[in-house]
Amino acid sequence: MQTTLDENLMRVRTRIERARAGARRPGLARLVGVTKRSRPQHAAALARRGVPDLGENRLEGLQEKREWFEAEAPDLHPRWHFIGHVQRNKARRVAELSHVIHSVDSLRLLETLERVCARDGLAPEVFLQLKLTDEDAKHGMQTAELDEALAAASECRAVRPAGLMGMAALANDDAGRRAAGEQFERLATLAQAPTSVGWVHGRPLLSMGMSADFELAVEAGSDWLRLGSILFEGVDAGGSDRADGAVREGDVR
Ligand SMILES: *Cc1c(COP(=O)(O)O)cnc(C)c1O
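The following refers to the structure shown.

Scanning the protein from N- to C-terminus turns up nine helices and eight strands. Its C-alpha radius of gyration of 18 Å places the protein within 12% of the 18 Å reference for a compact globule of 253 residues. In terms of overall dimensions, the protein has a C-alpha envelope of 55 × 45 × 30 Å along the principal axes. Taking all 253 residues of the protein together, the buried fraction comes to 54%. Intrachain contacts of the protein at a sequence separation of at least 6 include 66% that bridge at least 24 residues.

Here it is, written out as structure tokens:
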């Protein structure tokens, strides 16, 4: 029987392909399944459905999910993406538990990560997070700090620079959507500027796009879409007696 998760995934994939067809730039448009609000069973269900990249935004959540996977789903080996603000005193632990850190939002954090990773033999991929909006709540570097961070990234020997990340303003009306599209375009344009960084994938990848705006991000050439609510809609709410085929506790395989 089709589960809600299958349907959500199919619908998202269709929308991604449609957006790719009209994209201004080609991007990988791969999915990070953001599991921060979801039970580990549902994260595992997603991994079993061909989304092996999972994202968490808090160290505690990442630790819990990883422990659960080791105990309950040892056959699954998801790649863990950290997408939240990293406190510098937790940088080593985040680096140890993450394959990719999308949210390196200051030069100081980059320097801290490089130091602890060099010392402890860790090599996460890192994205430099740029602040694309004026909202106080969103973390990220301003353009001037990004220039310094790029210079620092070109000296990194432990962490592996992977690209740029940014979050757009809320795209809930036409003006918002236009603004979000422009913000993604700005990030994509910044990524095209020449640097001396040894990007781990040969070019800077773009981490941009969430449930509300991922098609705009695809059109601007996103490589990593970080999607949570749109994938797990109707799944997390599901009790054991739902008739619509939502993924249930015992239904992860
Ligand atoms: C929560 C979160 C997402 C996913 O958001 P949705 O709207 O649920 O798709 C993506 N990126 C970051 C940085 C997040 O914190």
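Having seen the model, we can carry on.
Looking along a regular strand, one sees the side chains alternate between the two faces of the sheet. Most of strand β1 (residues 30–34) sits inside the fold, with four of its five residues counted as buried. Here β1 runs beside strand β2 (residues 53–56); their pairing, made up of two bridges, is parallel. Considered in β2, the bridge of Val34 is made with Gly55. Following the backbone out of β1, through helix α2 (residues 40–48) and into the adjacent parallel β2, one traces a crossover that is right-handed.

Turning our attention to helix α5 (residues 107–120). For α5, which comprises 14 residues, the first-to-last C-alpha distance of 20 Å matches the rise-based estimate of 20 Å (1.5 Å per residue) to within 8%. The set of residues buried in α5 consists of Leu107, Leu109, Leu110, Thr112, Leu113, Glu114, Val116 and Cys117. For α5, the secondary structure elements touched by its buried residues are α4 (91–97), β4 (100–104), β5 (125–130) and α6 (143–153). Positive phi shows up at Gly121, right after α5, with a value of about 65°.

Taken as a whole and judged by the stated rule, the model has two aromatic pairs. Ring plane angle 75° and centroid distance 5.3 Å describe the contact between Trp68 and Phe69, whose orientation is recorded as edge-to-face. Take Trp68: its relative accessible area is 18%, and that puts it in the buried class. Looking at Phe69, the relative accessible area reads 4%, which means it is buried. Chaining the aromatic ring pairs together yields one cluster made of Trp68, Phe69 and Trp80.

Now for the site of the ligand. Taken together, the neighbourhood of the ligand is formed by Val34, Lys36, Arg37, Ile83, Met167, Met210, Ser211, Arg226, Leu227, Gly228 and Ser229. Between an oxygen atom of the ligand and a side-chain N or O atom of Ser211, the distance comes to 2.5 Å. In the complex, 90% of the free accessible area of the ligand, which totals 390 Å², lies under the protein chains. The pocket occupied by the ligand, as judged from atoms lying within 2 Å of grid points, is the largest pocket. For the shell around the ligand, the per-class residue count stands at five nonpolar, three polar and three charged.

The next point concerns the side chain of Ser106. Here Ser106 is to be found in the loop between β4 and α5. Engagement of the side chain of Ser106 in a polar contact is seen with the backbone nitrogen of Leu109, the distance being 3.0 Å. For Ser106, the residues in contact, after removing those within four places along its chain, are Met141 and Glu145.

Our focus in this paragraph is the nonpolar core. In globular proteins that are soluble, nonpolar side chains generally tend to be buried together. Judged by nonpolar contacts, the single largest core of 72 residues is most densely connected at Phe69, Ile101, Leu110, Leu113, Leu128 and Leu225. The biggest single contributor to this core is α5, with six residues. Filtering out sequence-adjacent residues up to four positions away, Leu225 remains in contact with Ile16, Ala29, Arg30, Leu31, Val32, Met208, Gly209, Phe214, Ala217 and Val218.

Now for the packing of α2 against helix α3 (residues 59–72). Viewed as axis vectors pointing N to C, α2 and α3 meet at an angle of 65°, and their least axial separation amounts to 10 Å. On the basis of the axis angle, α2 is roughly perpendicular to α3. In this structure, α2 crosses over α3, and the sense of that crossing is right-handed. The residues of α3 that touch α2, namely those facing Pro40, Gln41, Ala43 and Ala44, are Lys65, Trp68 and Phe69.

The rules behind these values
Residues numbered from 1 in each chain as written. Predicted model: local features only at pLDDT ≥ 70, side-chain atom pairs only at ≥ 80, totals over all residues. Heavy atoms only, no water. Helix = DSSP H or I, 4+ residues; strand = E, 2+ residues; numbered from the N terminus. Rg over C-alpha atoms; globule rule 2.2 N^0.38 Å. Buried < 20%, exposed > 50% of the residue type's maximum accessible area, 1.4 Å probe, protein only. Contact = heavy atoms within 4.5 Å. Pairing = 2+ DSSP bridges. Right-handed = clockwise from strand over helix to strand, strands pointing away. Expected span 1.5 Å × (residues − 1). Phe/Tyr/Trp six-rings, centres within 6.5 Å; stacked < 30°, edge-to-face > 60°. Near = heavy atom within 4 Å. Polar contact = N/O pair within 3.5 Å; in protein donor to acceptor, adjacent residues only side chain to side chain. Areas by Shrake-Rupley, 256 points an atom, 1.4 Å probe, with all protein chains shown as cover. 1 Å grid on protein atoms, 1.4 Å probe; cavity = no way out; pocket = protein on both sides within 12 Å on 5 of 7 lines; lining within 4 Å. Sits in = over half its atoms within 2 Å of the grid points. Nonpolar A, V, L, I, M, F, W, Y, C, P; charged D, E, K, R; others polar. Core = buried A, V, L, I, M, F, W, Y, C linked by side-chain atoms within 4.5 Å. Axes fitted to C-alpha atoms, helices over the stretch in contact; angles between N-to-C directions. Parallel < 35°, antiparallel > 145°, perpendicular 65-115°, else oblique. Left-handed = near helix turned anticlockwise from the far one by under 90°.

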